[in-house]
Structure formats: structure tokens, C-alpha cells
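Residue-level listing of the chains:
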Amino acid sequence: MKRMLKVLLLGCLGLGIFGGGLAAWILWGDNTRTYADDRGVHLPVGTRLSDAADSLMTRGILDRRWSFVLLAEATGWGDQIKAGHYTFTAPQSNKAILDKLRFGQQTSVRIMIPAGSRPERIAGLAARNMAFSAEEFLAALKDAELAASLGTDTLHLFTYMLPDTYYEFWLTDAPGVVRRIKREFDRYFARELADSAAALDLTLPEVVSLAAIVEWETNVNQEKSTIAGVYLNRLHRQWPLQADPTVQYALIELEGGKRRLLFRDYRIDHSYNTYRFRGLPPGPITNPSRSSLESTVRAGRHDYMFFVAKPGGGHAFNVTLSGHNRDAAVLRRYLRERRRIEAAAQ
């Protein structure tokens, strides 16, 4: 069959001006549909020429299947198609399309890692545009051998998934993506954080654990360094951190999700409950953002020992317990009034 197609194509070349023109059209004529933006196609491992042609048609890239297959079969280029993710602009010729596929000129895909996430959400987003599944990414984060090769353990590995946008080839496996992001974190830490962390006498795991608490404590970047300073003051005085985010983490572990904290929750017997146990928790509670990491190693120097949310947003900071109790009472009155209004509106 391939020989017959090749003879047919070569025959076109031998038919003078008309035949030569037909062959040139099959080779170099536009064979894409009209579209403005780039269009992409995934070709899994083991994709045959017919599968590739079908995928290109389904994605609205290819206009005439027959001429594409004819050229691919006649030249043998169809046997050289490589798996991957490819994007095409219009117009494209059969030859240009086949050249991209047989030379493996893939287009990378985007992986977005958000800050302040749990492993399941990180895995879901990491897998969204990739060939691997969320379950495979989670398995990579829990792979003790992989974690050890990256200088950490499975308790900490997911928190080194530095929030950012990454670009990888579609067929890169889950361990490969984890390795790439962890190494990016290591380079970032060495370049931006290591000296400041050493000045505070904090190890890498301690920095990440504290920054993770700061990440869940506030989304106001301007006050992150102040909050980190409060926690460092408490650590230096050997006070309990009494960090609500660690109680939320305990609830996630015990109940499967976040909810409004109740007074009884602060008595939960859980190793991450920093109301009951002094010092940092056994590991980080989330993957902190760059702003939280940088605010932690450059924590504000002050005498604050307490802080509480303000009704208008942000936090009120205090040196004394009496000042803290006053601001906490303001917050409680505000919350009671808001609940009363919401109940009346129902």
C-alpha cells in the first residue's frame, strides 16, 4: 500500500505541469482549517498515523485527511510520528505538520501550583493539563524513595511545591514534575532565603513550617512579617504558638475539611494543635507562597505577643494580654451582630 501511494505521488511529479502542481499542493499547500488561536492536540504513546490524523481532524486543525495520510504513507513519515502535545497555527502544510510530529517539536503545557493548598488540590491542578493523573501525582508526593532523593521526607515534600506557573512537556511523569518543582524551591531558598534564615537560626524545615502557618493566617501581605515576628517572639519565650491554622489542620486530618473553629476545638488532642503543644508543629500545614516565606525570614522586630482579626480586615497587634482581650471582645461583638443580621435575613 505504501509503495502504491509513493508511486502515485511520484507519478504526479511525472505528469508535467499539472502533476507537479498537484504534488506541490499535497506537500506545501495549506491543509489547515481557518482559526485564529493556536490549536493543540495530544498524541499518546503508541499513536498510529490513522489515530494522529483522526485527532487532528477532531481538534479542527486538519482540513483534508486524505492528502495528509497520502503524504505520510508515501514518504514513510507517518511511521516516525512521536507522542506528545503539539500546537499548530493556521495556515500549515501537510509537510510542516508532519515535520513537527516526526521531529517531536512539542509544545510545553502549563502547570499552576497555588499557594496555601492541600496535597489533593495541588495534585488535581498539577494533573489538569498533563498526561498523568492526580492519583499519580499524589503517589509521587508520598514516595519515600523520591522524597529521600530530594533531601526531604514525605511529611514535608508537598510543602516544597513552590507556588508558581511551570511549563513541562505533556508526557513528563509525575515524579519528574515533583523533582523539577522541588529543585526550583531549593534554588529559590538558597538564593533568596538561606542567609536570612541562618541569621534567625532557623532550619529550612522550620522556615517552611512557620511560613505555612503565616500563609493560612492572613492574605494581607503587608502584615505577614509582623505575624511571623509574633510567632518568633513566642518561640523565643517558649510560649505556645496558639496558632488557629494548626487547629484547622488538625480538623482537616480528623474531619476531612475546614469549618469555623469552636472553643472546644482548641482542646483537640492532636500533635499539630499548638494550643496544647509548644513549639512548631511536626511538619508544615500547607505550601507557603514566596511572600510568606520571605516575610518569615525577614520577620518584623517588635514586642508584640498577641494578635486577633479586626472587623474591618487585617489584624490588631498587642504587647499585653489585656490589650489583646479588649480587641478580641470587639471582634466577638462584631461576629455576634453579623450572625444576628444574617439570621434575621433568612
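The model shown is predicted, which means the values in this text are computed figures rather than measured ones. Throughout, residues of each chain are indexed from 1 in the direction in which the sequence is written. For this predicted model, a pLDDT threshold of at least 70 governs which residues receive local features, and a threshold of 80 or more governs which side-chain atom pairs are given and counted, while totals over whole chains, interfaces and linings are taken from all residues. For side-chain calculations, the full set of non-hydrogen atoms in the structure is used, while hydrogens and water are omitted.

Draft legend 1. Inspection of the overall build of the chain at higher detail. Helix and strand counts for the chain come out as 14 helices and 6 strands. Radius of gyration here uses only the C-alpha atoms, and the compact-globule reference equals 2.2 Å multiplied by the residue count raised to the power 0.38. Radius of gyration (C-alpha) of the chain: 29 Å, far over the 20 Å computed for a compact globule of 346 residues. Each principal axis of the C-alpha atoms in the chain carries an extent, and together these give about 100 × 55 × 35 Å. In the chain, buried positions account for 48% of the 346 residues. If you take every contact in the chain between residues at least 6 apart in sequence, the share linking residues at least 24 apart comes to 62%. Exposure was quantified through the Shrake-Rupley algorithm and a 1.4 Å probe, taking into account, for residues, occlusion by the shown protein chains and nothing else. Total accessible area computed for the chain in this model is approximately 17800 Å², and 52% of it derives from carbon and sulfur atoms. Positive and negative side-chain charges of the chain, numbering 45 and 37 respectively, have mean locations separated by a distance of 3 Å. Secondary structure elements follow DSSP: runs of H or I no shorter than four residues count as helices, runs of E no shorter than two count as strands, and numbering proceeds from the N terminus. The classification of residues rests on relative accessible area computed with a 1.4 Å probe and restricted to protein chains. Under 20% of the type maximum is buried, over 50% is exposed, and intermediate values are partly exposed. The criterion used for residue contact is that any of the two residues' heavy atoms lie within 4.5 Å. Residues scored as charged are limited to Lys and Arg (positive) and Asp and Glu (negative), so that His and the chain ends carry no count. Each charge is placed at NZ for Lys, CZ for Arg, CG for Asp and CD for Glu.

Draft legend 2. View of a positive patch on the surface. Patches here: salt-bridge-free residues with over 30% relative accessible area, like charges joined within 9 Å, nonpolar side chains (Val, Leu, Ile, Met, Phe, Trp, Tyr) joined within 5 Å. By salt bridge we mean one thing: a side-chain nitrogen of Lys or Arg within 4 Å of a carboxyl oxygen of Asp or Glu. Together, Arg 260, Arg 332, Arg 333, Arg 336, Arg 338 and Arg 339 make up a region of like positive charge exposed at the surface. Assignment of secondary structure puts Arg 336 in helix α14 (residues 321–345). In this structure Arg 336 comes out as partly exposed when scored by relative accessible area, which is 48%.

Draft legend 3. Highlighting the packing of aromatic side chains. Pairing of aromatic side chains here covers Phe, Tyr and the six-membered ring of Trp, requires ring centres within 6.5 Å, and sorts the geometry by plane angle: under 30 degrees stacked, over 60 edge-to-face, intermediate tilted. Enumeration according to the criterion identifies 11 aromatic pairs in this entry. When the ring of Phe 307 is compared with that of Phe 317, the centres are 5.8 Å apart and the planes differ by 40°; the resulting orientation is tilted. Of this pair, Phe 307 sits in strand β5 (residues 306–309) while Phe 317 sits in strand β6 (residues 315–318), and the two are 10 residues apart along the sequence. Clustering of aromatic rings is evident, with ring pairs tying together Tyr 160, Phe 185, Tyr 188 and Phe 189. Whether a charge lies above a ring is judged from NZ of Lys or CZ of Arg, which has to be within 6 Å of the ring centre and within 35 degrees of the ring normal. Taking NZ or CZ as reference, Lys 100 lies 5.0 Å from the ring centre of Phe 88, over its face. Just above the ring of Trp 77 sits the side chain of Arg 102; from NZ or CZ to the centre is 4.3 Å.

Draft legend 4. Inspection of the side chain of Ser 295 at higher detail. As for its position among the elements, Ser 295 is in helix α13 (residues 290–297). Judged by its relative accessible area of 12%, Ser 295 is buried. Apart from residues lying up to four places away in sequence, Ser 295 is in contact with Asn 221, Lys 224, Ser 225 and Ala 228.

Draft legend 5. Region of the structure containing unusual backbone geometry. Here the residue pair Ala 90 and Pro 91 is connected by a cis peptide bond, since its omega of 5° sits within 30 degrees of zero. Counting through the fold element by element, Pro 91 comes out in the loop between β2 (84–88) and α5 (94–102). Positioned with a positive phi, Asp 201 is a non-glycine residue whose angle comes to about 60°. Relative to the elements of secondary structure, Asp 201 occurs in the loop between α9 (174–199) and α10 (204–217). Positive phi, normally seen in glycine, also occurs at Gln 238, with a value near 60°.

Draft legend 6. The arrangement of the pattern of salt bridges in detail. Tallied over the entire structure, the rule returns 17 salt bridges. Residue Arg 64 pairs with Asp 63 through a salt bridge whose shortest N-O separation is 3.4 Å. Notably, a salt bridge pairs Arg 259 with Glu 255, separated by 2.9 Å at the nearest N-O pair. Taking the relative accessible area as the measure of exposure, Glu 255 reaches 48% and is therefore partly exposed.

Draft legend 7. Highlighting the pairing of β5. In this structure, β5 lies alongside β6, joined through 4 bridges in antiparallel fashion. When the sheet's bridge partners are listed, Ala 309 is paired in β6 with His 315. Turn length for the β5-β6 hairpin, with the two strands adjacent in sequence and antiparallel, is 5 residues, and the turn residue Gly 313 shows positive phi of about 110°. Only strands joined by at least two bridges in the DSSP assignment are considered to pair.

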